[in-house]
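Structural description and commentary
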Amino acid sequence: TSLTLMSNHWLMAWMGLEINTLAIIPMMTYPNNMRNTESAIKYFLMQATASMIIMFAIIYNAWMTNQWTLFQVSNEWATTFMTLALAMKLGLAPFHFWVPEVTQGIPLTSGMILLTWQKIAPTSILYQISPSLNMNILVLLAVSSTLLGGWGGLNQTHLRKILAYSSIAHMGWMTVIALINPSLMILNLLIYIAATMAMFLCLNLTSTTKINALSNMWNKSAPMTITIMIILLSLGGLPPLTGFMPKWLILQELIIYNNIATAMLLALSSLLNLFFYMRIIYTSTLTMFPSNNMSKFQWFHTSPKSTSLIPS
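Residues numbered from 1 in each chain as written. Predicted model: local features only at pLDDT ≥ 70, side-chain atom pairs only at ≥ 80, totals over all residues. Heavy atoms only, no water.

A few points about the packing of aromatic side chains
To keep things clear, this is the line we draw: Two rings from Phe, Tyr or Trp (for Trp, the six-membered ring) form a pair when their centres are within 6.5 Å of each other. A pair whose planes differ by under 30 degrees is stacked, one over 60 is edge-to-face, and the rest are tilted. Each helix is a run of DSSP H or I of at least 4 residues and each strand a run of E of at least 2, with the numbering of both proceeding from the N terminus. The buried label applies to any residue whose accessible area, calculated with a 1.4 Å probe on protein chains only, is under 20% of its type's maximum; exposed applies above 50%, and partly exposed to all values in between.
Counting across every chain of the model gives 7 aromatic pairs. Plain terms: the ring middles of Tyr60 and Trp63 are 6.1 Å apart, the flat faces sit at 70° to each other, and that makes the pair edge-to-face. Here the residue Tyr60 and the residue Trp63 both occupy positions in helix H3 (residues 34-65), the gap between them amounting to 3 residues, near one helical turn. Measuring from centroid to centroid gives 6.0 Å for Phe244 and Trp248, while their planes differ by 5°, and the two rings are stacked. With Phe244 and Trp248 both in helix H13 (residues 244-256) and 4 residues apart, the pair spans about one turn of that helix. Residue Phe244 is classed as partly exposed on the basis of its relative accessible area, which comes to 26%. Judged by its relative accessible area of 46%, Trp248 falls in the partly exposed class. An aromatic cluster of at least three residues, connected via ring pairs, comprises Phe56, Tyr60, Trp63, Trp77 and Phe81.

What follows is the structure in structure tokens.
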């Protein structure tokens with residue numbers, strides 16, 4: 001990651017991405033079992049494909065412009081291929097299918113690194129080549145990511161998959177502002193990394209991987225329950241909390257540049273994320289073990305009338 005952040009030569013940046021990918025593979029396969037190995041293979045294949053496309057774009061750009069500098073990607077086709085390859089690495093829609101599957105199959109610690117630290121290097125390249133990017137492709141990737149990130153998480157019960165879909169949606173918010181104000185993309189990334197790492201650490205401390213297991217959280221540790229609630233509300237972007245700030249600034253920038261339709265789609269799609277965050281909060285704070293969500297509504301269902309054998 002440091003090699004990619006510090007380099008201004010395309011070959012060094014590509015080497016940093018490759019080393020970054022290979023370094024996390026042993027972490028993903030520990031402890032060694034079939035699910036971890038399968039997830040690591042899926043992750044490696046996707047990252048290797050994206051790196052191959054990046055190398056093709058680098059060579060094509062060098063062939064057309066005769067330079068290897070990271071800041072000057074002037075060829076339109078090279079820029080398009082580079083954007084799509086970075087979208088594959090970051091897990092943007094429509095290249096998002098690997099993110100929930102890989103996150104679900106690996107331990108919580110590896111999942112935390114995958115959804116936080118592994119986003120830094122591709123985002124830094126996106127930040128550096130942002131002046132030459134195509135606005136239409138970026139907006140299409142961003143809006144589809146926020147919509148699919150919200151819809152995909154609605155029917156999930158595994159917390160790792162929910163956080164993976166949350167990552168897809170947040171990546172959409174970062175991508176849409178990359179061309180207008182790249183500094184907001186970095187601010188959003190830092191706040192997202194802090195909130196996601198805190199959420200994963202809370203889940204790892206309590207060994208919780210499913211929503212149903214959260215119903216016993218209030219009995220175990222009330223401060224942990226309150227912490228999870230605040231982190232989820234911040235990820236959802238409610239106004240008093242930190243997570244609202246980057247979304248507010250991004251919407252403000254989009255409206256200034258007359259992208260009102262895009263701003264409306266992003267704001268409405270964030271409600272989908274907020275819905276499944278609120279579902280987790282309801283399970284962890286408003287239910288008591290061993291009751292589940294539906295047990296409170298059993299009084300509503302009237303039992304059928306029993307037929308008595310004794311004549312009146």
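Quick notes on the nonpolar core
Stated precisely, the cut-off is as follows: Here, the term nonpolar core denotes a set of buried Ala, Val, Leu, Ile, Met, Phe, Trp, Tyr and Cys residues that are joined through side-chain atoms within 4.5 Å. Where a domain begins and ends is set by an automatic assignment or by a domain database. Note on contacts: a residue pair qualifies if any of its non-hydrogen atoms lie within 4.5 Å across the two residues.
Grouped together as the largest cluster of nonpolar side chains are 80 residues, with contacts concentrated most on Trp10, Met28, Tyr43, Met82, Val176 and Ile228. Both of domain 1 (1-133) and domain 2 (140-290) provide at least three residues apiece to this core. When sequence neighbours within four positions are dropped, the list of residues in contact with Val176 reads Val139, Ala142, Ile250, Leu254, Thr262 and Leu266.

So, the environment of Met174
With respect to the secondary-structure elements, Met174 resides in helix H9 (residues 159-176). Judged by relative accessible area, Met174 falls into the buried class, the value being 2%. C-alpha of Met174 to C-alpha of Leu184: the two residues are 10 residues apart in sequence and 7.7 Å apart in space. In this structure, Met174 is in contact with Met185, Asn188, Leu189 and Tyr192, ignoring residues within four places of it in sequence.

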